[in-house]
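Structural characterization, general
Single-letter residue listing:
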Amino acid sequence: MVDVTALSNYELRDNLIELGFQPGPIIESTRRVYELKYLQMIGEVNSSDSGEGEDLASANPDRLTTPVRRTNVPKPAPEPAAASSNSTCDSEQRQMTPAERNAKWKVRVAAVLALAIVLYFYFGSAN
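Throughout what follows, the structure given in this document is the object of discussion. Only a predicted model underlies this, so the values are computations on that prediction, with no experimental measurement involved. (Residues numbered from 1 in each chain as written. Predicted model: local features only at pLDDT ≥ 70, side-chain atom pairs only at ≥ 80, totals over all residues. Heavy atoms only, no water.)

This part takes up the overall build of the protein. Along the protein, the regular secondary structure elements total five helices and zero strands. In sequence order, the protein lays out its α and β elements as α-α-α-α-α. Every one of the 127 residues in the protein was classed for burial, and the buried ones make up 11%. In the protein, of all internal contacts separated by at least 6 residues, the share reaching a separation of at least 24 is 34%. As displayed, the protein offers around 11100 Å² of accessible surface, 55% of which is attributable to carbon and sulfur atoms. (Helix = DSSP H or I, 4+ residues; strand = E, 2+ residues; numbered from the N terminus. Buried < 20%, exposed > 50% of the residue type's maximum accessible area, 1.4 Å probe, protein only. Contact = heavy atoms within 4.5 Å. Areas by Shrake-Rupley, 256 points an atom, 1.4 Å probe, with all protein chains shown as cover.)

This is how it looks when you write it as structure tokens:
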């Protein structure tokens, strides 16, 4: 019997590829599965044998047999349009008045100036 435990991850991967199997990443958690697959492919172990493969499956059956299920979650139905003419959509935003724009601009300028002052004292005091 071939001692697959003596093979490195790279050697095991190369051997599986030579036999026509495309393995995923071989890491600590997947190595045993690929060792069994390699032994099956070279005829050392049958998939129906009650050898080491059964021990692995019985130790943690969910690890080998858990199928990936994708469920389609239904999208919620769109809400009906409101009858009132006062409602606004995202695409129908209200235009700002010049006074609102001016106030928003002043807040932004004040924030930038405050940041500039903080940075000046933080980095300027190192000199």
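So, on to the packing of aromatic side chains. Applying the stated rule across the entire model yields three aromatic pairs. Between Tyr122 and Phe123, the ring centres sit 4.9 Å apart and the planes meet at 85°, which makes this aromatic pair edge-to-face. On the basis of relative accessible area, Phe123 is assigned to the exposed category, the value being 54%. (Phe/Tyr/Trp six-rings, centres within 6.5 Å; stacked < 30°, edge-to-face > 60°.)

With that settled, the discussion passes to the pattern of salt bridges. Tallied over the full model, the rule gives two salt bridges. With its nearest N and O atoms 2.7 Å apart, the salt bridge here joins Glu35 to Arg31. Of this pair, Glu35 and Arg31 both sit in helix 2 (residues 31-41), four residues apart, which is roughly one turn of the helix. Assessed through its relative accessible area of 4%, Glu35 is described here as buried. Residue class for Arg31 comes out buried when judged on its relative accessible area of 14%. When salt bridges that share partners are traced, they join Arg31, Arg32 and Glu35 into one network. (Salt bridge = Lys/Arg side-chain N within 4 Å of Asp/Glu carboxyl O.)

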